[in-house]
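This is what each chain is made of:
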Amino acid sequence: QVQLVESGGGLVQAGGSLRLSCAASGRIFGIESMGWYRQAPGNQRELVASITRHGSTNYADSVKGRFTISRDTSTNTVYLQMNSLKPEDTFVYYCNAFVRTEQYIGMGYWGKGTLVTVSS
């Protein structure tokens, strides 16, 4: 099995910064992609940013220019650097990863989430 553990959430004032981390552990042959999602009450969980094992990135329009996703393949860890935070960035952020536990077997996994609260 694979576990994803998020950290780095907390309370920050508008305009401030936070860095989220998500470390994957367990039976890991390789990780194809990792990403961060967030969800507001009454809404679907939406992609914030993602990155493939080749380094290709994708961002939601609302965070482009403010958030940066990166990864350390040696530790199976993905980071989300969040700058110029706004109150509307207040969500629970969830880490997701598509993990191969064997060469030809893989599936998606979710972390339990970390809360980011941005005060005005």
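Scroll up for the structure.
Here goes a summary of the coordinates provided. (Residues numbered from 1 in each chain as written. Predicted model: local features only at pLDDT ≥ 70, side-chain atom pairs only at ≥ 80, totals over all residues. Heavy atoms only, no water.)

**Considerations on the overall build of the chain**
Looking only at helices and strands, the chain features zero helices and 11 strands. Secondary structure elements in the chain, listed N-terminal to C-terminal, are β-β-β-β-β-β-β-β-β-β-β. Relative to the compact-globule value of 14 Å for 120 residues, the chain shows a C-alpha radius of gyration of 14 Å, a close match. Taking the principal axes of its C-alpha atoms as reference, the chain extends roughly 45 × 25 × 20 Å. Across the 120 residues in the chain, those meeting the buried criterion constitute 39%. Here the contacts in the chain between residues at least 6 apart in sequence split such that 55% fall between residues at least 24 apart. Put simply, the chain shows about 6600 Å² of open surface, and 47% of that area lies on carbon and sulfur atoms. Positive and negative side-chain charges in the chain, numbering 11 and 8 respectively, have mean positions lying 2 Å apart. (Helix = DSSP H or I, 4+ residues; strand = E, 2+ residues; numbered from the N terminus. Rg over C-alpha atoms; globule rule 2.2 N^0.38 Å. Buried < 20%, exposed > 50% of the residue type's maximum accessible area, 1.4 Å probe, protein only. Contact = heavy atoms within 4.5 Å. Areas by Shrake-Rupley, 256 points an atom, 1.4 Å probe, with all protein chains shown as cover. Lys, Arg positive; Asp, Glu negative; His and termini not counted. Charge placed at Lys NZ, Arg CZ, Asp CG, Glu CD.)

**Focus on the sheet that holds strand S7 (residues 67-72)**
Pairing is antiparallel in the open sheet, where four strands are placed in the order S1-S3-S8-S7. Taken across any chain shown, the strands that pair with only one partner, and hence form the sheet edges, are strand S1 (2-7) and S7. When the angles between neighbouring strand axes are averaged without regard to direction, this sheet yields 15 degrees. Across six bridges, the pairing between strand S3 (residues 18-26) and strand S8 (residues 77-82) is antiparallel. Counted as the bridge partner of Leu20 is Leu80 from S8. (Pairing = 2+ DSSP bridges. Axes fitted to C-alpha atoms, helices over the stretch in contact; angles between N-to-C directions.)

**Describing unusual backbone geometry**
Even without a glycine there, the phi angle at Asn76 is positive, about 55 degrees. In this fold, Asn76 is placed in the loop between S7 and S8. One non-glycine residue, Ser84, adopts positive backbone phi at about 50 degrees. Topologically, Ser84 is positioned in the loop between S8 and strand S9 (91-102). Accessibility expressed as a relative area gives 41% for Ser84, which makes it partly exposed.

**A few points about the packing of aromatic side chains**
Any aromatic ring pair is given by two values, namely how distant the centres are and how the planes are angled relative to each other. Per the stated rule, a full pass over the model turns up two aromatic pairs. Residues Tyr37 and Trp110 carry aromatic rings whose centres are separated by 5.0 Å and whose planes lie at 70 degrees to one another, so their mutual orientation is edge-to-face. Placement of Tyr37 in strand S4 (residues 30-39) and of Trp110 in strand S10 (residues 105-110) is noted, with a sequence separation of 73 residues between them. Its relative accessible area of 22% is what places Tyr37 among the partly exposed residues. When the ring of Phe91 is compared with that of Tyr93, the centres are 6.3 Å apart and the planes differ by 80 degrees; the resulting orientation is edge-to-face. Relative accessible area serves as the criterion here: at 0%, Tyr93 is assigned to the buried category. It is Arg45 that lies over the ring of Tyr94; its NZ or CZ is 3.7 Å from the centre. (Phe/Tyr/Trp six-rings, centres within 6.5 Å; stacked < 30°, edge-to-face > 60°. Lys NZ or Arg CZ within 6 Å of the ring centre and 35° of its normal.)

Structural measurements only, silent on function.
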